[in-house]
Amino acid sequence: MAVTFYNLSSKAGLEKLDNHLKTRSYISGYQASKDDITVHAALKGAPSSEYINVSRWFNHIEALLRISGVAADGSSVSVEGFAPVTEESVATPSVTDAKPAEDDDDDSDVDLFGEETEEEKKAAEERAAAIKASGKKKESGKSSILLDVKPWDDETDMAKLEETVRSVQMEGLTWGMCKYLLSTKLVAVGYGIKKLQIMMTIVDDLVSIDSLIEDHLTSEPANEYIQSCDIVAFNKI
């Protein structure tokens, strides 16, 4: 389903994007795609830290662009005033070239990735040929995620809340047992209300973090104790 954002230099535009990314790791799907590059290019720089979800997503896409680890598929996201990213331009993205030219008045002619030199094109073709020849397939691997789980009020039984979280079991999901394991801890959030901050690891091909939150942690019967969940950190292992 296509998604459209408007004027990402405005507060309203950033708030909409931040809300969209509240329970998502990427603009669409479960791995970075050309949709993420399109929105990334529409931003004029790193967003303010007040937009927590946009900042998390922006830093992750910046890192992926540096290693050209972006998939070519997507679900046709669009940003008003910016041309969509094509598969050809996704092949060899550049962090520097990914920014739109601020002094170009004709939005329809914006080249999100700039012009490639002959040397860059040749290098990209050689890399693609080498990968195809070796039959190498990019693996999604595992991800380490730090999750904030918030109760409804200060009377919520936090022990029950933790028990509810850990009761969600599925193939590819491990609670509190990962390379960067942190002890589960309760963190004060003000007015006597506490939240549960818990670490987990997922096998990317088997577990969708969006589905985990929406279909398991914030739906019945778990929502008797859980009011909402937020992704604090998302790192590939």
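Each chain carries its own residue numbering, running from 1 in the written order of its sequence. Only residues with pLDDT of at least 70 are given local features in this predicted model, and only at 80 or more are side-chain atom pairs given and counted; all residues enter the totals for whole chains, interfaces and linings. Calculated side-chain values reflect all of the structure's heavy atoms, with hydrogen atoms and water omitted.

UniProt positions are given in the numbering used here, feature names are shortened, and annotations may be inferred rather than shown by experiment. In its Sequence similarities (unreviewed entry) section, the UniProt entry covering the protein states "Belongs to the EF-1-beta/EF-1-delta family." Under the Subunit (unreviewed entry) heading, UniProt states for the protein: "EF-1 is composed of 4 subunits: alpha, beta (1B-alpha=beta'), delta (1B-beta), and gamma (1B-gamma)."

With respect to the overall build of the protein
Scanning the protein for helices and strands turns up seven helices and seven strands. To qualify as a helix, a DSSP run of H or I must reach at least 4 residues; to qualify as a strand, a run of E must reach at least 2; elements of each kind are numbered from the N terminus. The order of helices and strands in the protein, counted from the N terminus, is β-α-α-α-β-α-α-β-α-β-β-β-α-β. Pairs of residues are marked as contacts when any of their non-hydrogen atoms sit within 4.5 Å. The contacts in the protein between residues at least 6 apart in sequence include a share of 73% that link residues at least 24 apart. Areas reported here follow the Shrake-Rupley algorithm with a probe of radius 1.4 Å; residue values treat only the protein chains shown as occluding. As presented, the protein carries roughly 13,500 Å² of accessible surface, and 49% of it is formed by carbon and sulfur atoms.

Quick look at a negative patch on the surface
Negative charge collects at one region of the surface, where Glu118, Glu119, Glu120, Glu125 and Glu126 lie side by side. Structurally, Glu125 can be placed in helix 5 (residues 118-134). Judged by relative accessible area, which is 57%, Glu125 ranks as exposed. Residues forming no salt bridge and having over 30% relative accessible area are the ones grouped into patches, like charges within 9 Å of each other and nonpolar side chains (Val, Leu, Ile, Met, Phe, Trp, Tyr) within 5 Å. The term salt bridge refers to a side-chain nitrogen of Lys or Arg lying within 4 Å of a carboxyl oxygen of Asp or Glu. Under the counting rule used here, the positive set is Lys and Arg, the negative set is Asp and Glu, and His together with the chain ends is not counted. Throughout, a charge is located at the NZ atom of Lys, the CZ atom of Arg, the CG atom of Asp or the CD atom of Glu. Any residue under 20% of the maximum accessible area for its type is buried, any over 50% is exposed, and the rest in between are partly exposed; the area is computed with a 1.4 Å probe on protein chains only.

Digging into the pairing of strand 6 (residues 194-203)
Of all 10 residues making up strand 6, eight are buried, and the element is well covered by its neighbours. In this description, strands pair whenever DSSP reports at least two bridges between them. Relative to strand 6, strand 3 (residues 142-151) runs antiparallel, the two being bridged by eight bridges. In the sheet register, Ser144 faces strand 6, and the bridge partner there is Thr201.

Regarding the nonpolar core
Only buried residues count toward a nonpolar core. Its members are Ala, Val, Leu, Ile, Met, Phe, Trp, Tyr and Cys residues joined through side-chain atoms within 4.5 Å. Trp57, Leu147, Val149, Val165, Trp175 and Leu217 are the most contacted members of the largest nonpolar core, which has 43 residues in total. Take this core: its biggest share by element is six residues, from helix 3 (residues 52-66). The two domains that each donate at least three residues to this core are domain 1 (11-68) and domain 2 (142-236). In contact with Val165, other than residues within four places in its own chain, are Val149, Trp175, Leu196, Ile198, Leu217 and Ile226. The domain boundaries here were taken from an automatic or database domain assignment.

A closer look at the pairing of strand 3
Of all 10 residues in strand 3, eight are buried; the element is thus mostly enclosed. Looking at chain direction, strand 3 and strand 7 (residues 226-236) are connected through nine bridges and run antiparallel. Its bridge partner lying in strand 7, Val149 is registered against Cys229.

Topic: the confidence of the model for the protein
As a note on interpretation, predicted positions should not be read in detail where pLDDT is low. Looking at the protein as a whole, the pLDDT averages 74, with 67% of positions reaching at least 70. No element of the protein has a lower mean pLDDT than helix 4 (residues 87-90), which averages 49, and none a higher one than helix 7 (residues 209-217), which averages 91. Note that pLDDT drops below 50 for residues 178-184; the model gives that stretch 13 contacts with residues more than four away or on any other chain. On a range of 0 to 100, pLDDT expresses the predictor's confidence in each residue.

Here's the deal with the packing of helix 1 (residues 11-20) against helix 3
Two numbers describe a pair of packed helices, the interaxial angle and the distance between the axes. For helices, the fitted axis covers only the stretch in contact; all axes are lines through C-alpha atoms, and the angles between them, taken along N-to-C directions, range from 0 to 180 degrees. In the contact formed by helix 1 and helix 3, the axes pass within 7 Å of each other and the chain directions differ by 75°. Taken together, the axes of helix 1 and helix 3 are roughly perpendicular relative to one another. Taking contact as the criterion, the partners of Leu14, Leu17 and Asp18 in helix 1 are, on helix 3, Ile52, Asn53 and Val54. Any residue outside Ala, Val, Leu, Ile, Met, Phe, Trp, Tyr, Cys, Pro, Asp, Glu, Lys and Arg is labelled polar, Gly included; the first ten of those are nonpolar and the last four are charged. Here the residues of the contact of helix 1 with helix 3 sort into four nonpolar, one polar and one charged. Our angle categories are set so that under 35 degrees counts as roughly parallel, over 145 as roughly antiparallel, 65 to 115 as roughly perpendicular, and the remainder as oblique.

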